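Descriptive structure summary
Below are the chains, spelled out letter by letter.
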Amino acid sequence: MKTEKKIKQTTVQVNGQEHITGAEALLQCLIEEGVDTIFGYPGGAIMPVYDALLNYEGKLRHILTRHEQGAAHAAQAYSMTTDKPGICFATSGPGATNLVTGIANAFLDSVPVVFITAQVTSGLIGTDAFQETDIIGVSMPVTKWNCQVKKPQDIPDTIAKAFYIAKSGRPGPVLIDITKDAQLEKLHFKYKKCDYIRSYNPLIPLHIKAIESAAIMINHAERPLILAGHGVLLSRAEKELKTFAEKTGIPVASTLLGLSAFPSDHRLFTGMLGMHGNYGPNLLTNEADLIIAVGMRFDDRVTGNLKKYAKKATIIHIEIDEAEINKNVQVDVEINNDAKEVLKYLIPLVKENSFEQWIREFRICDKTEYEKVIKPETKPEKGEIRMGEVVRLVSELTKGDAIIVTDVGQNQMFAARYYKFTQPNSLVTSGGMGTMGFGLPAAVGAKIGSPDKPVIAFLGDGGFQMTIQELGTILHYNIPVKIIILNNSFLGMVRQWQDMFFKKRYASTELINPDFVMIANGFSIPAKRVSKREELKDSLIEMLAAKGPYLLDITVEKEGNVFPMVEPGSSVSEVRLTY
């Protein structure tokens, strides 16, 4: 093949080892780690790497996004929908700093992404050279590990270490900054994968006594509740969670990022926790006598007022990151291990049980929520189109079998509440960081990671415009994502808070939007505007049937609010159904 000839021309064998440039060594390292896709944007300092990339066509696919932030979000989404770390390239200076939001997003959501940035030549470091930025210092608070490489011979071991750290324990982003001279100079290439780092111990032996104590508590509980978080998905523990719940008969609630870890249509699923979660799991958290938290960190959006949180409950916390245990909520049993391993050991120790009366309380809450919130939102009889009914229709039309990507805001909460997730890792969203602009580039990464799955992005008109340039990436590679803009001409979630807490003083939240259909057409993406309910279902069917990308701009209720809601400072049991 032509590609093979190019590679041979740039390598020399010395004592059985390849004598290649640092740039080529970086790419060889990625291949050794099983990488086939890279998201990025070139520039001066990283030009040697991009030049070497031409020799690896057919082995490494590079997706040129239209902004480095877009590359970062796409790489995260790729990781969330595959079992691989995402890979992201950027140049020095503004290229590197443009990644920071995406790095922080991956850090807070515990997603393994390997970021490779270039740096000015080592002799210029510290001179304020053109496009020089201390990205190591800038990114240190939001990376699991970072490192600067100034010598080509250090590249293989550093990359191996980066992959090991990113994937092991609690996953997270790492960043490697490689000087331009290290990319150009040559080394004798040899690669060995990393499986051990002194003083870094991600594989913690099972805490058997703690697990056995937990089993005793579970077997004697009367009103137990499982809280499933993102850690269930990260440890691939979905089957174990389902087996554990079905054997014990314990109801399951999910955090936002834990959605899709447990089937939405399962008889034991009670819904989503949190500020805009379901009525039952919020209200009844404070009635539980035992809480089993699996792979979640008791985020403030889940707990509400900590002084009033779960005061009747004994709490078992299964969490791989020791720093998260007792950080926000004091627990009774600490199990600092991987969720999958804990559940596998725990399942034989627990008794078969059922809690029909306890579950009936959740179902009573479900009926109340349906009548007061869900029915008016998803099946309105008149008025403007509502966000919830759009999501409900998409869920029905796809039978819950699509990958749903969201931006941040009301679109995110409605998608989380009303899409019925039946498959693991089928929600891609920004949790801890709450990054507007995440949705569109994330849809790109999700689709490239899962080409055989339909990928549908729910975006607000505000967040869409933050990364609208990634329509160019969709055009460039003809990526068949389906884009739904829930267009209310507002920054909807901020406006809701202004409505409820600032006397409807809508300061800088109303938007004058461009013609999104015309813009999409400018990128050769078929698009349609929908403003009438009678057009909605057929338009969604048309969008889903399209072979390539498609954008649907749906005009929705201008001042609709998301309920239920746990107001700031309130207890989860003070959850409100209406305004």
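Remember, predicted model here, so these are calculated numbers, not experimental data.

For the rest of this paragraph, the subject is the sheet that holds strand S8 (residues 174-179). As a general point, the strands of a sheet are linked pairwise by backbone hydrogen bonds and lie either parallel or antiparallel. Strand order in the open sheet formed by 6 strands is S4-S3-S5-S6-S8-S7, and the pairing between neighbours is parallel. Taken across any chain shown, the strands that pair with only one partner, and hence form the sheet edges, are strand S4 (61-64) and strand S7 (145-149). Here the strands of the sheet are splayed against their neighbours by 20° on average, with no regard to which way each runs. The sheet contact formed by strand S5 (residues 86-90) and strand S6 (residues 113-119) spans 5 bridges and is parallel. Each bridged residue has a counterpart across the sheet, and for alanine 90 the counterpart in S6 is threonine 117. Contacts between helix H4 (residues 68-81) and the sheet are confined to strand S3 (37-40), S5 and S6, with S5 contributing the most and set at about 165° to the helix.

When you line up the elements, serine 110 lands in the loop between helix H6 (100-108) and S6. Assessed through its relative accessible area of 7%, serine 110 is described here as buried. With sequence-adjacent residues up to four places away left out, serine 110 is seen in contact with Arg170, Pro171, Gly172 and Leu234.

Tracing the backbone shows threonine 270 in strand S12 (residues 269-272). Residue class for threonine 270 comes out buried when judged on its relative accessible area of 5%. With near-sequence residues (within four places) excluded, threonine 270 lies in contact with Pro251, Val252, Ala253, Asn278, Pro281, Phe362, Arg363 and Asp366.

A separate point is the packing of helix H2 (residues 22-32) against helix H8 (residues 155-167). Between H2 and H8, the least distance of the axes is 9 Å, while the angle of their chain directions is 35°. Two packed elements cross with a definite hand, and for H2 against H8 that hand is right-handed. Two secondary-structure elements touch here, H2 through Gly22, Ala25, Leu26, Cys29 and Leu30 and H8 through Ile155, Pro156, Ile159 and Phe163.

As a further point, take the nonpolar core. Of all hydrophobic cores here, the largest spans 100 residues; its most connected members are Ile292, Phe458 and Ile484. Ranked by residue count, the leading element in this core is helix H16 (residues 356-378), at 6 residues. A domain split of this core shows at least three residues from each of domain 2 (208-361) and domain 3 (384-556). For phenylalanine 458, the contacting residues outside a window of four places in its chain are Val390, Val391, Val394, Ile404, Val405, Thr406, Asp407, Asn411, Ala415, Ile484 and Leu486.

All right, on to the packing of aromatic side chains then. All chains considered together, the criterion is met by 12 aromatic pairs. Judged by centre distance (5.4 Å) and plane angle (75°), the ring pair of phenylalanine 490 and tyrosine 506 falls under edge-to-face. Of the two residues, phenylalanine 490 is situated in the loop between strand S19 (482-487) and helix H22 (492-501) and tyrosine 506 in the loop between H22 and helix H23 (516-522); the sequence distance between them amounts to 16 residues. A residue is classified by how much of its surface remains accessible, and tyrosine 506, at 24% relative accessible area, is partly exposed. Sitting over the face of the ring of phenylalanine 490, arginine 495 holds its NZ or CZ atom 5.7 Å from the ring centroid.

Quick look at the domain arrangement of the protein now. Taken domain by domain, the protein holds domain 1 (2-188), domain 2 (208-361) and domain 3 (384-556). Of note, the centres of domain 2 and domain 3, computed from C-alpha atoms alone, are 31 Å apart. On the side of domain 3, 19 residues touch domain 2, which itself brings 18 residues to the contact. In total, about 1,400 Å² of surface goes out of reach between domain 2 and domain 3, with carbon and sulfur atoms giving 63% of it.

Where S7 meets S8, 5 bridges bridge the pair, whose relative direction is parallel. Directly across from asparagine 146, in S8, lies its bridge partner leucine 175. Handedness of the crossover is the feature at issue here: the chain leaves S7, passes through H8, returns alongside S8, and the resulting connection is right-handed.

Residues in a regular strand point their side chains to alternate faces of the sheet. Along S6, 7 of the 7 residues are buried, which leaves the element largely enclosed by surrounding structure. The two faces of S6 match: Val113, Phe115, Thr117 and Gln119 on one face and Val114, Ile116 and Ala118 on the other face are all buried. Judged from the 6 bridges that link them, S6 and S8 form a sheet pairing that is parallel. Considered in S8, the bridge of phenylalanine 115 is made with leucine 175.

Moving on, we get to unusual backbone geometry. Here the bond from phenylalanine 563 into proline 564 is cis, since omega is 0°, no more than 30 degrees from zero. Along the chain, the position of proline 564 falls in the segment after strand S21 (550-555). Not every positive phi belongs to a glycine, and asparagine 478 is a case in point at roughly 50°. For asparagine 478, a relative accessible area of 52% gives the class exposed. In this model, serine 524 sits at a positive phi of 60°, which is unusual for a non-glycine residue. Locating serine 524 in the fold gives a position in the loop between H23 and strand S20 (527-530). The class of serine 524 is exposed, set by a relative accessible area of 57%.

Before going further, it helps to examine the sheet that holds strand S17 (residues 427-428). Pairing within the open sheet is parallel, and its 6 strands lie in the order S17-S16-S18-S19-S21-S20. Where the open sheet ends on each side, the last strands, each with one partner, are S17 and S20.

Glancing now at helix H18 (residues 410-418). A large share of H18 lies buried, amounting to 9 of its 9 residues. Residues Gln410, Asn411, Gln412, Met413, Phe414, Ala415, Ala416, Arg417 and Tyr418 constitute the buried set of H18.

Moving on, we come to the confidence of the model for the protein. Close inspection of predicted coordinates is inappropriate in any region flagged by low pLDDT. Averaged over all residues, the pLDDT of the protein is 96; the fraction at 70 or higher stands at 97%. Below a pLDDT of 50 lies the segment residues 1-10, which in the model reaches 12 contacts outside its immediate sequence neighbourhood of four places, other chains included.

About the thresholds
Residues numbered from 1 in each chain as written. Predicted model: local features only at pLDDT ≥ 70, side-chain atom pairs only at ≥ 80, totals over all residues. Heavy atoms only, no water. Pairing = 2+ DSSP bridges. Helix = DSSP H or I, 4+ residues; strand = E, 2+ residues; numbered from the N terminus. Axes fitted to C-alpha atoms, helices over the stretch in contact; angles between N-to-C directions. Contact = heavy atoms within 4.5 Å. Buried < 20%, exposed > 50% of the residue type's maximum accessible area, 1.4 Å probe, protein only. Left-handed = near helix turned anticlockwise from the far one by under 90°. Core = buried A, V, L, I, M, F, W, Y, C linked by side-chain atoms within 4.5 Å. Domains from an automatic or database assignment. Phe/Tyr/Trp six-rings, centres within 6.5 Å; stacked < 30°, edge-to-face > 60°. Lys NZ or Arg CZ within 6 Å of the ring centre and 35° of its normal. Buried area = accessible area lost by both parts, 1.4 Å probe. Right-handed = clockwise from strand over helix to strand, strands pointing away. pLDDT = per-residue confidence, 0-100.

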